[in-house]
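Here is how the chains run, residue by residue.
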Amino acid sequence: MKVVCISDTHSKHQRVKVPNGDLLIHAGDVSRKGTPDEIRQFNQWIGTLPHPHKVMIAGNHDFLFENEPEFAESLITNATYLNDSGVTIEGIRIWGSPITPEFHDWAFNRKRGEGIRKYWEMIPANTDILITHGPPKGILDRTVLGSRVGCADLTEIVTQIRPKYHIFGHIHEAQGVKEIDGTTYINASMLNLLYMASHKAVVFDIPTTE
């Protein structure tokens, strides 16, 4: 299965180049402000892409998914939306969460420590592909100011579970790929700090079991 990874398109979907593949994963921040119109536009756009399977999570900009979850989810008809939940596609076990550490007053923010750890403890131990909006601490999470802003509790849990792939975004300037102890970490942010579409999608192949 060819997997195409993108994140942080922030309603600039038409400006990003999305390679063909079997499974498209969007790791959140599909919008700028999380308005219904933005979510509708995203759903329409992703529906035009040829990938047979499409999976998405929300991000800290996607307020509608937290404030009016049933309404927001009803607007997504062209992808599978995950919210601390999972889906299995051709034997590949995928889990997704929109949660990120508290920062100002964004959507899906939770306090570091016990407040956020309970979400990571929900991740099944047999997960093949993990999707979170934010990065684990110390891995593709360095801001332009040099700070490591990822979640330490997420790092600990992912290290224990060791999924084959961990896909995220959130920190635009840390886009890239890094392999550590059998897990490939992918910051799939498509926009740079100036919200310009300057990054390429990340593509990889994973064996199916069905």
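In case you missed it, the structure is sitting above this.
Structural notes, computed from the coordinates. (Residues numbered from 1 in each chain as written. Predicted model: local features only at pLDDT ≥ 70, side-chain atom pairs only at ≥ 80, totals over all residues. Heavy atoms only, no water.)

1. What about the layout of surface pockets?
Defined as follows: Points on a 1 Å grid, built from protein atoms alone, make a cavity when a 1.4 Å probe fits but cannot get out and make a pocket when they are open with protein on both sides within 12 Å along at least 5 of 7 lines; residues with an atom within 4 Å of a point are the lining residues. Grid points are joined across faces, edges and corners, and a volume is the space filled by probe spheres set on the points. Residue polarity is assigned by list, with Asp, Glu, Lys and Arg as charged and Ala, Val, Leu, Ile, Met, Phe, Trp, Tyr, Cys and Pro as nonpolar; anything else, Gly included, falls into the polar class.
The computed volume of the largest pocket comes to approximately 460 Å³. Lining the largest pocket are 20 residues, with Asn60, Phe103, Val149, His170 and Ile171 sitting closest to its centre. Looking at side-chain class alone, the lining of the largest pocket contains seven nonpolar, eight polar and five charged residues.

2. Here's the deal with a nonpolar patch on the surface
Quick note on the threshold: Think of a patch as exposed residues, more than 30% relative accessible area, with no salt bridge, where like charges cluster within 9 Å and nonpolar side chains (Val, Leu, Ile, Met, Phe, Trp, Tyr) cluster within 5 Å. Reported accessibility uses the Shrake-Rupley method at a 1.4 Å probe radius. Residues are deemed covered only where the shown protein chains occlude them. One speaks of a salt bridge when a side-chain nitrogen belonging to Lys or Arg is within 4 Å of a carboxyl oxygen belonging to Asp or Glu. Secondary structure elements follow DSSP: runs of H or I of four or more residues count as helices, runs of E of two or more count as strands, with numbering from the N terminus. Working definition: with a 1.4 Å probe on protein chains only, accessible area under 20% of the residue-type maximum means buried, over 50% means exposed, and in between means partly exposed.
On the surface, Val144, Leu145, Leu193, Leu194 and Met196 cluster together to form a nonpolar patch covering roughly 580 Å² of accessible area. For Leu145, the position within the fold is in the loop between strand 9 (129-132) and helix 5 (152-161). Using a relative accessible area of 77% as the deciding quantity, one classes Leu145 as exposed.

3. Some remarks on helix 1 (residues 36-47)
Structural remark: α-helix, 3.6 residues per turn; residues separated by three or four positions point the same way. What counts is decided by this rule: A helix is expected to span 1.5 Å for every residue after the first. To obtain the arc, one takes the directions from the helix axis to the C-beta atoms. For this analysis, residues touch if any pair of their heavy atoms sits within 4.5 Å.
In a regular helix each residue adds 1.5 Å, so twelve residues correspond to 16 Å; helix 1 covers 16 Å between its end C-alpha atoms and thus fits that length. Taken together, the buried positions of helix 1 are Glu38, Ile39, Phe42, Asn43, Trp45 and Ile46. Around the axis of helix 1, the buried residues are gathered within 165° of arc, so they sit on the same side. Lining the buried residues of helix 1 we find strand 1 (2-6), strand 2 (23-26), strand 3 (53-56), helix 2 (63-67) and helix 3 (69-75).

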